[in-house]
Amino acid sequence: MTDLTSLLRDLVRLPSVNPRGRSGDGGETAVAGYVRDWLERHGVRAELHEVLPGRCNVVAIVPGRLAEAVLLESHLDTVETDAMTVPPFDGEVRDGRLYGRGACDAKGPLAAFMLAAAELARGEQPLHTVVLAGVCDEEHAYRGVVHLLEQLSERTVVGAIVGEPTGLVPVVAHKGVVRYTVRTSGRAGHSSRPDEAVNAISLMAPVLAHLAATPPDVAQHPLLGPATRTVTRIRGGTGPNTIPGICEADVDRRTLPGEEADDVWRQDRAELAELGAELDPPFLVDHALDTPVDSALVSALRGALAAHGRPGETAGMPFGTDASKIARAGVPTAVLGPGSLRDAHAADESVELAEVELAARVVVAAVRALAVPEEPACG
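Just so you know, these numbers come straight off a predicted model, no measurement behind them. (Residues numbered from 1 in each chain as written. Predicted model: local features only at pLDDT ≥ 70, side-chain atom pairs only at ≥ 80, totals over all residues. Heavy atoms only, no water.)

Trainee: Looking at this structure, how should I read the packing of aromatic side chains?
Mentor: In this description, an aromatic ring pair is defined by two values, namely the gap between the centres and the angle between the planes. Within the structure shown, the criterion is met by zero aromatic pairs. One Lys or Arg, R94, reaches over the ring of Y99 and ends 4.1 Å from the middle of that ring. Sitting above the plane of the Y142 ring, K325 keeps its charged end 3.8 Å from the centroid. (Phe/Tyr/Trp six-rings, centres within 6.5 Å; stacked < 30°, edge-to-face > 60°. Lys NZ or Arg CZ within 6 Å of the ring centre and 35° of its normal.)

And the structure:
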């Protein structure tokens, strides 16, 4: 295959830290432009699509004998570089591993998909058309994948592989999330006269204790385990000599397949109202993923892995990905990529180059093995 080290090093050397609502794009569009230019040099037509002002997806097409498409999707953005112990944008190679922010999450998977697309374009024409998409904003609000799905709404997509570091284990299930703010309201006053005030932090204490001691009443999932509910941030007080009138806490509720975000939020609101707390509407919602193991896409991935000497067992993940949005559009979707979750977002983030190359070969084999279109989806 084309020189992987140069490709992945170039991707890492283009910073693309998600701005998380701040101005600018953090470099996503520069990476998107690089992906487009690289693919076009290797015989794959690609173009940029603006998602937000100055923030782009890149979408490439490898024509197949059928119009029905297989989607390869990975994200362009990374998390921040604070406290990294390796140069974040050098793309240093040591002992067969390439280091830097995004090397594992998710420029390694993106590079694998690019190599796969180039291989499919220069070899025998695949049965299915292949759509390769590098999307922005996965690490924050998922707006890149939402825009992509709007573009694909008129096209039949028979399966999707989402690139994330899974150690080349097909992930068929992951949790969703509902994040909301819970609030207790008291009456502010001077700290020298606490009997004349109502301390909102004190009111929050039993709410926090309840959340810590009471797990969601949901049956465990065989691959994902239990649903969880965690307080991640708390705010209260205006000064050291003022009784606080307001206290707020952010709650991260991880959902399982079959749970709907609105139902989860309403249940938590009723539960916590009994303790005197109020809930704001969720400020972030994502859905769980649960793809049947016997779907044609997963079977193709497992067969491709077996052909390359890798076990074909499937797995679940506790965190979310773009896959759940694609699956909600009716597309059978699995998550697969080189690298370990332990290395994603890490201070010394890295990925094994040999595994990235193997990922590309597995994806090519899976696309070629996916011979029978499933029921129409996304169109």
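Trainee: Explain the sheet that holds strand β5 (residues 97–99) to me, please; I cannot follow it from the model alone.
Mentor: Through backbone hydrogen bonds, the strands of a sheet pair up, either in parallel or in antiparallel fashion. One open sheet holds the three strands; their spatial order is β4-β5-β19, and the pairing between them is antiparallel. Two strands close off the open sheet at either side, each with one partner strand: β4 (93–94) and β19 (350–352). The sheet contacts of helix α1 (residues 4–13) involve β4, β5 and β19, and relative to β5 the element is tilted by about 15°. Against the sheet, helix α9 (residues 353–369) makes contact with β4, β5 and β19, and its axis sits at roughly 65° relative to β19, the strand it touches most. (Pairing = 2+ DSSP bridges. Helix = DSSP H or I, 4+ residues; strand = E, 2+ residues; numbered from the N terminus. Contact = heavy atoms within 4.5 Å. Axes fitted to C-alpha atoms, helices over the stretch in contact; angles between N-to-C directions.)

Trainee: Could you clarify how one ought to interpret the pattern of salt bridges in this entry?
Mentor: Pairs may arise between side chains of opposite charge once their charged atoms sit close together. Enumeration over the complete set of coordinates arrives at 25 salt bridges. Ionic pairing is found between R235 and E248, a salt bridge with its closest N-O pair at 3.3 Å. Of this pair, R235 sits in strand β11 (residues 228–236) while E248 sits in strand β13 (residues 246–255), placing them 13 residues apart in sequence. Overall, R235 belongs to the partly exposed group, its relative accessible area being 31%. The salt bridge involving R361 is made with E357; its shortest N-O contact spans 3.0 Å. In this pair, R361 and E357 both sit in helix α9, four residues apart, roughly one turn of the helix. With relative accessibility at 36%, the residue R361 sits in the partly exposed group. Put simply, R183, R233, R235, E248, D250 and D280 are held in one network by salt bridges that share partners. (Salt bridge = Lys/Arg side-chain N within 4 Å of Asp/Glu carboxyl O. Buried < 20%, exposed > 50% of the residue type's maximum accessible area, 1.4 Å probe, protein only.)

Trainee: Teacher, can you tell me more about helix α3 (residues 107–122) here?
Mentor: Taking 1.5 Å as the rise per residue, α3 with 16 residues should run 22 Å; its terminal C-alpha atoms sit 23 Å apart, in good agreement. Across the 16 residues of α3, 13 count as buried, placing the element largely inside the fold. (Expected span 1.5 Å × (residues − 1).)

Trainee: When you look at the packing of α1 against helix α2 (residues 28–41) in this model, what are you seeing that I'm missing?
Mentor: Between two packed helices, what matters for the description is the angle formed by their axes and the separation of those axes. Remark: α1 packs on α2, axes separated minimally by 10 Å, with the N-to-C direction vectors making an angle of 155°. Judged by the angle between their axes, α1 and α2 are roughly antiparallel. For the element pair α1 and α2, the recorded crossing hand is right-handed. Here S6, L7, D10 and L11 of α1 lie close against α2, whose contacting residues are V31, Y34, V35 and W38. (Parallel < 35°, antiparallel > 145°, perpendicular 65-115°, else oblique. Left-handed = near helix turned anticlockwise from the far one by under 90°.)

Trainee: Looking at this model, I keep getting lost on the pairing of strand β2 (residues 55–62). Mind explaining?
Mentor: Side chains on a regular strand alternate between the two faces of the sheet. Burial within β2 is extensive, with eight of its eight residues counted as buried. Taking every second residue as pointing to the same face, both faces of β2 are buried, with R55, N57, V59 and I61 on one and C56, V58, A60 and V62 on the other. Here strand β1 (residues 45–52) hands over to β2 after two residues, with G54 in that stretch at a positive phi of 75°. Examined bridge by bridge, β2 and strand β6 (residues 128–135) share five bridges and lie antiparallel to one another. Along β6, the bridge assignment pairs V58 with G134.

Trainee: What is the right way to read the environment of V171 from this model?
Mentor: With respect to the helices, strands and loops of the structure, V171 is situated in strand β8 (residues 171–174). Along the sequence, V171 and A273 sit 102 residues apart, while their C-alpha atoms lie 37 Å from each other. In this view, V171 contacts T166, L289, A315, G316, M317, A334 and V335; residues no more than four positions away in its chain are not counted.

Distances and angles like these do not, on their own, reveal function.
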